[in-house]
Structures are given as C-alpha cells and as structure tokens.
Amino acid sequence: MDQLSLFDAPAGGEHARAEARAAKLRREIDRHNRLYHQLDAPEITDEAYDALYRELVELEERFPDLRTLDSPTRRVGGAVLPYLETRPHRERMYGLDNVFSLEEWEGFVQKASRALPEAGPDVMSAWWADPKLDGLACELAYENGVMVQALTRGDGEVGEVVTEAMRTVRNLPLRLRGNGPFPRRIEIRGEVLMFRREFEELNKRQTELGQKRFANPRNAAAGSLRQLDTNVTASRKLRFLAYSLGEVDAPGMTLWTTHSALMASLKDWGFDTPPEGRLCRNADEALAYYRHLESIRDDLPFEIDGVVYKLDNREAQAALGFTARAPRFAVAWKFTSRKAETRLKKIAVQVGRTGVLTPVAELEPVSLGGVMVSRATLHNEDEIRRLDLRENDIVIIQRAGDVIPDVIGPVLEKRPEGLVPFEFPHVCPVCGSPARRLEGEAAWRCLNMACPAVIMRSIVHFVSKAGLDVDGVGAKWVEALIESGRVKSPADLFTVTREELMSYERMGEVSAGNFVAALEQAKSSATLTRFIAALGIRQVGEQTARTLAEHFHDMDELEKAGVEELMSLPDIGPEVAGSIRAFFETDSNRELLERFRAMGLWPKGGRKEEGTGALAGRKVLFTGTLSRPRDEYRRMAEAAGANVASGVSKTLDYLIVGANPGSKLDKARTLGITVLDENGFLALLQGESHQ
Ligand code: IVH
C-alpha cells in the first residue's frame with residue numbers, strides 16, 4: 001500500500017458516509033417540507049426539522065460537492081444577481097383567447113370541432129377545466145428529475161431566468177418525487193402566485209416599513225419573483241401551481257394521452273395543481289363548473305379571474321395547434337368584471353376605536369358585480385398620495401374578495417380641471433385635538449382618550465362580531481343611544497330598558513324587546529374569549545383573547561398575571577403583555593370591570609372548560625327554520641366547545657339545516673361541508689361521529 005492510498009482511504013470512507021447521509025437528509029427534509037408546506041400536516045417539531053437542516057448544512061460546508069442542485073438548502077435564497085438574464089423558450093409560451101358567455105364557449109368548441117372533423121364528438125366534448133389563476137406564468141425545466149432552470153413567461157418567446165428565485169418557492173419539488181423513470185428533460189408550466197392572506201401581510205409590513213404597497217397579489221408575486229436578491233424572494237411565500245407542459249424530451253417513454261392523466265402525474269411528482277380541476281364532458285358540465293367556481297371564488301385562498309378549459313385529448317390538442325397568439329385547443333372563460341368607474345365625491349376621514357384616522361372614499365353609487373357600492377377603502381395618507389387621489393376624480397374601483405372595494409386609482413384623462421391634491425387632516429375631525437403620526441406608523445391617530453369617536457367605536461366594538469357578538473344589537477342603535485347621552489360606556493348598554501328604547505324614533509316594541517333580550521342573553525352566555533376580545537385591549541384580538549381565556553380562569557386571574565407570566569403564553573410578546581398590564585392599570589377600566597362583575601357579566605374560562613366538549617374547536621352554522629330558537633342551538637353548540645360561524649366558508653365543519661334552508665345549503669354542498677339536520681346535530685352533541 002502506498003502513501004497516497006493510506007492517506008486517502010479514511011477520507012474517502014468519510015466522504016462516502018457523508019454522501020449517503022446527505023442523500024438521506026435531503027429526502028427526509030424534502031418529505032417534511034412537503035408535509036408542512038403542501039399537505040399542512042407536519043410530523044415533527046420545528047426544532048427537530050431545524051436539527052436535520054443544520055446537519056445537512058454542516059455536511060455541505062465540509063464537502064461542498066454534496067451541495068447538489070436539488071438540495072433543500074438551496075431554498076433559503078442567498079444568491080444576489082447582478083441583473084436578470086434572459087433566455088429564449090424552447091417552445092413558445094402562448095396566451096389564451098377569452099370567451100365571456102356560454103354561447104361564446106360553445107362557439108369556440110364548434111370551431112375546434114370543425115377544424116378537426118376526424119376527432120369525433122367524444123374527443124371534442126371532453127374538456128379539462130381548472131381555475132384561471134391570476135398570477136404570472138413560469139416554466140420550470142427538469143433534467144432527469146432535477147430542476148435546472150426557471151424562466152418567466154416574458155413576451156412568450158424569451159423569458160427571464162429566475163432559477164434561484166424559484167428554488168425558494170417551497171411548494172415545488174427541486175427533484176421530482178418518486179422513482180422515475182423521469183424524462184431526460186421536461187418543462188413544467190404553471191402559475192406563480194401569492195395567496196391573499198400573505199399578500200395582505202406583506203402590504204401591512206410594507207406600510208409599517210414605509211415602503212410601497214402592492215396593488216394586488218399578482219403584482220406582489222411578480223415583484224417578489226423578479227428580484228435580484230433571492231433573500232427577498234425567499235421571505236415572500238410564493239407558490240407554484242402546475243397546469244401544463246412545454247418541451248418534453250423523453251426518448252422511449254410513453255407519454256400521457258390525456259390532460260387529466262398529465263395532471264395526475266404532476267401531482268404524483270410532487271407539484272401542487274390548481275384546486276378544483278376536473279373533467280367536463282359537455283356544455284352543461286362546463287357551465288355548471290363555471291358557475292361553481294364563480295360561487296366559491298371568494299373562498300379560494302388566491303385570486304382567479306375565470307375558468308380555463310383544455311381539450312382533454314392530447315393528440316387532438318397537438319393536431320389543433322396554435323393561432324398566431326393562442327392555442328386552438330384551450331380557452332379562458334372569464335368572470336364578469338368586478339371593476340367599475342365612478343366619481344369620488346369626497347374623501348371622508350373616520351376615527352376608529354384606537355384613534356386611527358382612516359380615510360374612506362365616498363363614491364357616486366355604482367353597480368359592481370351586481371351590488372351597489374358607495375364607499376371604498378383608502379387605507380392611509382401614503383396610499384392617497386401614492387395614487388394621487390383628489391376629491392371629484394373619476395376613479396376605478398375593484399372588489400377583490402372583501403365586501404368593501406378598493407380604489408385602484410384615478411382615471412387621469414378624465415380628471416376635471418382645478419382639482420387640488422388631498423391634504424390629510426392633522427387634527428381629529430371629531431374632537432379637534434391634534435392628531436399625530438407616530439414614528440414608523442402609516443396612520444395618523446387622535447390621541448385624546450376621551451374623543452367621542454373613540455368612545456363610540458369602542459362601545460360599538462364591544463357588542464360587534466369582533467366583540468361579544470350580540471345578535472340584534474346593531475351599530476345604528478348603539479350610536480343613537482350614545483348620541484342621546486344615555487350610554488357612555490359599554491356597561492350602560494345593559495341598563496337600557498325596553499321602554500326607554502321605544503322612545504327612540506323608529507324603534508318598535510318588537511325590536512326593543514329583542515335588543516334587551518339579546519343583551520340579557522349575552523350576559524349569561526358570553527365566553528371569556530369573547531369578553532376579553534370585546535374589551536378592546538390594544539393589540540389583543542380574537543386569537544390572543546382565546547389564548548388568554550384558555551390560560552386564565554377569569555378576569556381576576558388575568559389581572560394578577562405579570563408581564564413574565566403573560567409572555568410565557570404562545571404568541572404574546574412584550575408589547576402585547578405591556579398593553580394588557582396597561583389596561584388593568586387604568587382606573588376607568590377597573591371600574592368598568594367592576595360594573596360588569598356586579599351585573600353578572602363575568603365569564604369563566606380556563607383550559608378545562610375550553611376544548612373538551614363534543615364539538616371542541618369545530619365551526620358550525622345553523623340555517624333555515626329550526627324547531628327551537630336559534631339562540632338555544634347556538635348556546636348548546638358553544639357549550640360543547642363549538643364556534644358558531646356567520647357564513648359558509650371552507651373552514652366550516654357542519655351546516656345544520658332546518659326547513660327551507662336556501663343558498664347557504666347550496667354553498668355548503670359545493671364546498672363539500674358536512675350537512676346535518678337537527679337530529680344529526682343533537683346526535684353529534686352526544687358524541688356520535690359524523691366524519
Ligand atoms: S393553461 C395551452 N391553465 O393565463 C394552455 N393557463 O391569459 C396553456 N393561466 O398564459 C395555459 N391559469 O399563463 C392554463 N389554469 C390555467 C391557467 C393558465 C392562468 C395563464 C397562462 C396564460 C394566461 C393567459
């Protein structure tokens with residue numbers, strides 16, 4: 001044995017062991033990434049994940065050749081590019097033609113059928129349908145199962161190289177899942193998106209940092225992807241949903257004969273695909289699918305603007321080919337616009353519960369997707385300045401999912417002469433005291449604790465959905481009671497009598513009775529979570545209220561908790577803890593609490609009571625005519641640990657229906673939510689399972 005091999009042998013052995021270990025770690029980390037980011041079902045703690053990840057990083061630092069292209073350590077960003085390189089697409093990325101009605105859709109199908117008479121009616125009536133995603137198209141190239149390149153769509157011929165940025169997108173596989181065989185090279189096309197929730201959080205952060213807000217999730221996704229600094233992309237939770245192919249080079253492999261089969265393979269390979277995708281077999285099904293998607297549009301976590309139909313048979317697709325700008329085998333059926341143009345009559349400034357001055361656009365009423373709209377959100381001073389909105393401008397408004405629409409901007413060509421830039425008020429429009437814009441905040445605030453607007457909003461908040469959620473006590477009545485001077489604090493509401501109420505204009509005997517009864521009911525059935533949320537302690541929203549209610553038995557116990565104890569609870573940091581302490585240290589708040597205690601509004605919480613009932617953590621909703629009062633059912637559900645929802649959404653667990661249920665039932669059915677009748681609900685309370 002010579003010197004060299006003696007020296008090499010242990011190192012070689014070590015390298016081989018490291019290589020095997022790194023491969024194993026990559027597989028494990030990939031699996032946990034997928035469980036966490038795609039399936040929402042993590043199996044290990046963050047700490048355990050971090051330990052695996054660190055071990056891989058250390059191995060790769062010691063043996064840099066182990067840092068393979070598909071290593072999960074490539075997902076964290078780090079690369080800073082000098083500029084975005086461009087590269088041609090091997091196969092052009094076409095756009096899609098649009099249709100806007102069933103007639104136009106049928107026209108499109110007829111035209112395709114005429115162009116391909118040999119295909120026959122069966123082939124020409126089977127269309128794969130999925131949502132038209134409102135993001136940006138991107139193409140990922142995989143060689144022998146490993147992702148090697150990502151290109152944006154660009155102009156369809158040439159795209160920008162965004163390989164490093166796309167590696168940070170957690171829900172796409174850096175290596176195709178499964179054992180193969182994989183094509184020598186395959187291009188997977190899909191859409192890069194940002195979910196609405198992440199878009200909103202991003203804009204909130206941008207505002208806090210004094211940076212520009214993104215106009216919509218699509219712009220935010222595009223801005224995040226086309227970054228030179230991939231650390232920025234990595235911090236922006238983008239997702240990729242796969243929906244079609246580019247060039248495929250797979251000698252000897254049998255490829256898919258239908259688009260449905262392709263979609264199944266994409267899933268098997270570890271891609272997320274557009275949810276709700278399915279095969280439609282005729283015009284009726286295509287129409288039903290369109291209506292279905294339109295009805296669940298706002299329940300999807302991301303924005304869509306129509307349905308894409310693709311001929312399922314891939315051979316027929318190829319035979320039909322492309323026009324100059326779009327495929328002849330695929331089409332987008334767009335939803336009707338939710339944009340409208342109208343006049344911005346006035347920018348009003350409202351004062352919120354925390355003193356924040358919020359600008360609101362008062363609009364010439366206009367129909368938007370079938371609903372009359374006369375107000376829109378304007379966010380804050382910077383947003384008005386960014387858009388350069390002026391009173392009397394003609395503006396475009398858009399509804400993106402929320403009930404209240406957004407102002408996209410003025411139509412400058414239509415701006416009347418003589419409009420002046422908007423001056424944001426520097427005094428409170430209600431009490432006249434000076435307003436402040438605090439360091440690092442986008443909002444101006446009225447700092448006067450006794451500002452009538454702040455008091456009014458706090459009381460309205462107390463009974464609102466975000467607070468005690470007292471059904472039948474609307475903001476209008478609360479405002480009238482406050483304006484007349486009868487109610488000065490939320491506790492006063494509980495002392496108002498039916499007779500007093502009836503002296504108010506337009507308050508009849510029945511509504512007055514309901515009002516008083518609803519408050520009585522709230523007194524006895526309020527949960528500690530709702531009560532804490534109702535108090536409107538700064539920085540304490542529903543989630544924090546729930547945490548507190550789980551850990552403390554009642555307000556006395558919460559009052560005794562010090563900052564340390566509070567901070568030991570999940571998601572409570574120094575600011576929130578400080579704000580809870582400050583609440584109890586204010587005399588007027590303690591007096592208010594004493595009044596609640598005296599009148600019997602003193603809910604009990606504590607871990608034992610929450611989360612153990614037969615419906616713990618479940619969301620239920622009642623609809624239709626029930627054989628017992630709705631309130632009684634509500635109380636039963638809450639006593640069993642359920643939350644009673646206000647509408648049908650994907651997160652609902654059970655819809656309980658009485659006679660003549662109406663649209664909620666339809667919506668629940670389309671969302672696949674469990675529907676029960678009253679007996680089913682009662683059985684559920686007894687602990688019978690309906691899973
Ligand atoms: S399939 C040959 N499916 O919309 C068909 N495209 O306005 C290729 N888009 O450029 C595209 N959602 O980037 C397909 N579910 C979906 C889509 C989708 C959005 C994009 C696509 C296209 C653009 C046309």
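This report concerns the structure included in the present document. Residue numbering note: each chain is counted from 1, following its sequence as written. In keeping with the predicted nature of the model, local features appear solely for residues at pLDDT of at least 70, side-chain atom pairs appear and are counted solely at 80 or more, and the whole-chain, interface and lining totals rest on all residues. As a rule here, side-chain values come from all non-hydrogen atoms in the structure, and water together with hydrogens is ignored.

Examining the overall build of the protein chain
To keep it simple, the criterion reads: The helix count covers DSSP runs of H or I at least four residues long, the strand count covers runs of E at least two residues long, and both are numbered beginning at the N terminus. The buried label goes to any residue with under 20% of its type's maximum accessible area, the exposed label to any with over 50%, and the partly exposed label to all in between, with areas taken from a 1.4 Å probe on protein chains only. Any two residues having at least one pair of non-hydrogen atoms within 4.5 Å are treated as being in contact. Here, Shrake-Rupley sampling with a 1.4 Å probe gives the accessible areas, and only protein chains in the shown set may cover a residue. Under the counting rule used here, the positive set is Lys and Arg, the negative set is Asp and Glu, and His together with the chain ends is not counted. To locate a charge, take NZ of a lysine, CZ of an arginine, CG of an aspartate or CD of a glutamate.
When helices and strands are tallied, the protein chain shows 26 helices and 22 strands. Overall, the protein chain is about 95 × 75 × 65 Å in size when its C-alpha atoms are taken along their principal axes. Residue burial in the protein chain is summarised as follows: out of 691 residues, 46% are buried. Contacts spanning at least 24 positions in sequence make up 67% of the contacts within the protein chain whose residues lie at least 6 apart. With an accessible surface of roughly 34,400 Å², the protein chain has 50% of that area assigned to carbon and sulfur atoms. Both charge centroids of the protein chain, one from 92 positive and one from 104 negative side chains, sit 1 Å from each other.

Things to note about the sheet that holds strand S20 (residues 643-644)
Test applied: Paired strands, as defined in this entry, are two strands with at least two bridges between them according to DSSP.
Ordered in space as S20-S19-S21-S22, the 4 strands form an open sheet in which the pairing is parallel. Every other strand in the sheet has two partners, leaving S20 and strand S22 (674-676) as the edge strands with one partner each. Where strand S21 (residues 654-657) lies against S22, 3 bridges are found, and the strand directions are parallel. When the sheet's bridge partners are listed, Leu655 is paired in S22 with Val675.

Here's the deal with unusual backbone geometry
A negative phi angle is the norm for most residues apart from glycine, just as the trans form is the norm for most peptide bonds. Of the consecutive residues Gly180 and Pro181, the connecting peptide bond is found in the cis state with omega at 5 degrees. Within the secondary structure, Pro181 sits in the loop between helix H5 (163-167) and strand S7 (185-193). With phi around 50 degrees, Asp388 is a residue other than glycine that occupies positive phi space. Of note, Asp388 is situated in the loop between helix H12 (381-387) and strand S15 (394-398). One non-glycine residue with positive phi stands out, namely Asp469, at about 60 degrees. Tracing the backbone shows Asp469 in the loop between helix H13 (452-463) and helix H14 (475-483).

Side note on the nonpolar core
Where a protein is soluble and globular, its nonpolar side chains tend to be buried together. Filter applied, for reference: Note on terminology: a nonpolar core comprises buried Ala, Val, Leu, Ile, Met, Phe, Trp, Tyr and Cys residues joined through side-chain atoms within 4.5 Å.
Ranked by size, the top nonpolar core spans 53 residues in total, and within it Phe462, Leu468, Leu493, Phe531, Leu548, Met555 and Phe596 carry the most contacts. Ranked by residue count, the leading element in this core is helix H18 (residues 528-535), at 6 residues. Not counting residues up to four positions away in its chain, the partners in contact with Leu468 are Phe462, Val463, Phe494, Ala522, Ala526, Arg530, Phe531, Ala534 and Leu601. In this structure, Met93, Trp127, Cys280 and Leu293 belong to the second largest nonpolar core, which totals 46 residues.

Describing the site of the ligand
Let me state the cut-off plainly: Proximity is defined per residue: any heavy atom of the residue falling within 4 Å of a molecule or strand makes that residue near it. The definition of a polar contact used here is a pair of N or O atoms within 3.5 Å, where within protein one atom must be able to donate a hydrogen and the other to accept one, and adjacent residues in sequence count solely through side-chain atom pairs.
Around the ligand lies a shell of 15 residues, among which Asp130, Pro131, Leu133, Tyr243 and Lys310 are the nearest. In this structure, Lys132 approaches the ligand through a side-chain N or O atom, which is 3.0 Å from an oxygen atom. The contact in question runs from a nitrogen atom of the ligand to an N or O atom on the side chain of Lys310, over 2.8 Å. Bound to the protein, the ligand loses 86% of the 530 Å² it would expose on its own. Secondary-structure elements contributing two or more residues to the shell around the ligand are strand S3 (127-133), strand S8 (239-249) and strand S10 (304-311). No other element matches the 4 residues that S3 contributes to the shell around the ligand.

Digging into the packing of aromatic side chains
Cut-off, in case you're wondering: In this analysis, rings of Phe, Tyr and Trp, with Trp reduced to its six-membered ring, are considered paired at centre separations within 6.5 Å, and the interplanar angle assigns stacked below 30 degrees, edge-to-face beyond 60, and tilted for intermediate values. Charge-over-ring contacts are defined here by two conditions on Lys NZ or Arg CZ: a distance within 6 Å of the ring centre and an angle within 35 degrees of the ring normal.
Throughout the structure, instances matching the rule amount to 25 aromatic pairs. Note on Tyr290 and Trp333: the rings are 4.1 Å apart at their centroids and 20 degrees apart in plane angle, and the pair reads as stacked. Here Trp333 lies in strand S11 (residues 330-334) and Tyr290 lies in helix H10 (residues 283-296), a separation of 43 residues in the sequence. A relative accessible area of 3% places Trp333 in the buried class. Look at Tyr309 and Trp333: their rings are 6.1 Å apart centre to centre, the planes differ by 35 degrees, and that puts the pair in the tilted class. On the criterion of sequence distance, the pair formed by Tyr309 in strand S10 and Trp333 in strand S11 is long-range, its members being 24 residues apart. Using a relative accessible area of 0% as the deciding quantity, one classes Tyr309 as buried. Taken together, the ring pairs in this structure connect Trp105, Phe108, Trp127, Tyr290, Tyr309, Trp333 and Phe335 into an aromatic cluster. One Lys or Arg, Arg239, reaches over the ring of Phe195 and ends 3.7 Å from the middle of that ring. Positioned above the aromatic ring of Trp602 is the side chain of Arg597, whose terminal nitrogen or guanidinium carbon lies 4.3 Å from the ring centre.

Describing the sheet that holds strand S4 (residues 136-143)
The condition is simple: Where helices are involved, their axes are fitted lines through C-alpha atoms of the stretch in contact, as for all axes, and angles between N-to-C directions lie from 0 to 180°.
As summarised here, the arrangement of the 4 strands in space is S5-S4-S7-S8, forming an open sheet in which the pairing is antiparallel. Edge positions in the sheet fall to strand S5 (146-152) and S8, since each has one partner strand and no second. Strand-to-strand twist in this sheet, taken as the mean axis angle between neighbours without regard to direction, amounts to 25 degrees.

Section: the pattern of salt bridges
Put simply, the rule is: Think of a salt bridge as a Lys or Arg side-chain nitrogen and an Asp or Glu carboxyl oxygen that are within 4 Å of each other.
Taken as a whole and judged by the stated rule, the model has 50 salt bridges. Taking the shortest distance from any N to any O, the salt bridge between Glu55 and Arg21 comes out at 2.7 Å. One end of the pair, Glu55, is in helix H2 (residues 46-62); the other, Arg21, is in helix H1 (residues 3-37), with 34 residues separating them in the sequence. For Glu55, a relative accessible area of 29% corresponds to the partly exposed category. Residue classification places Arg21 among the partly exposed positions, given a relative accessible area of 32%. Among the salt bridges present, the one from Arg634 reaches Glu638, with a minimum N-O distance of 3.3 Å. Here Glu638 and Arg634 lie together in helix H24 (residues 630-639), a separation of 4 residues that amounts to about one turn.

Structural notes on the packing of H18 against helix H19 (residues 542-551)
Going by this rule: Orientation categories follow fixed angle ranges, with anything under 35 degrees roughly parallel, anything over 145 roughly antiparallel, 65 to 115 roughly perpendicular, and all other angles oblique. Helix crossings get a hand from a simple test, with the near helix turned counterclockwise from the far one by less than a right angle marking a left-handed crossing and a clockwise turn marking a right-handed one. Residues are sorted three ways: Asp, Glu, Lys and Arg are charged, Ala, Val, Leu, Ile, Met, Phe, Trp, Tyr, Cys and Pro are nonpolar, and all the rest, Gly among them, are polar.
With their axes 8 Å apart at the nearest point, H18 and H19 run at an angle of 130 degrees to one another. On the basis of their axis angle, the class for H18 and H19 is oblique. The handedness of the crossing between H18 and H19 comes out as right-handed. In this structure, H18 contributes Leu528, Thr529, Arg530, Ile532 and Ala533 to the contact, and H19 contributes Glu542, Ala545, Arg546, Leu548 and Ala549. When the residues that make up the contact of H18 with H19 are grouped by side-chain class, the tally is 6 nonpolar, 1 polar and 3 charged.

A few points about the pairing of S5
Within S5, 6 of the 7 residues are buried, leaving the element largely enclosed by the surrounding structure. Here S4 runs beside S5; their pairing, made up of 6 bridges, is antiparallel. Following the sheet pairing, Cys138 is matched in S5 by Thr152.

Considering the packing of H24 against helix H26 (residues 678-685)
Helix-helix packing is characterised by the crossing angle of the two axes and by the distance between the axes. The N-to-C vectors of H24 and H26 enclose an angle of 30 degrees; their axes lie 11 Å apart at closest approach. Here H24 is positioned roughly parallel relative to H26, judged by the angle of their axes. Considering only the axes of H24 and H26, their crossing is left-handed. Contacts from Tyr633, Met636 and Ala637 of H24 reach H26 at Glu678, Phe681, Leu682 and Leu685.

Focus on the side chain of Arg445
Summarising the element assignment, Arg445 is placed in strand S18 (residues 444-446). For Arg445, a relative accessible area of 14% gives the class buried. Within the local environment of Arg445, its side chain forms a polar contact with the backbone oxygen of Thr354, the two atoms lying 3.1 Å apart. In this structure Arg445 touches Thr354, Gly355, Val356, Leu357, Pro434, Ala435, Arg436, Leu438 and Arg538, once residues within four positions along its chain are discounted.

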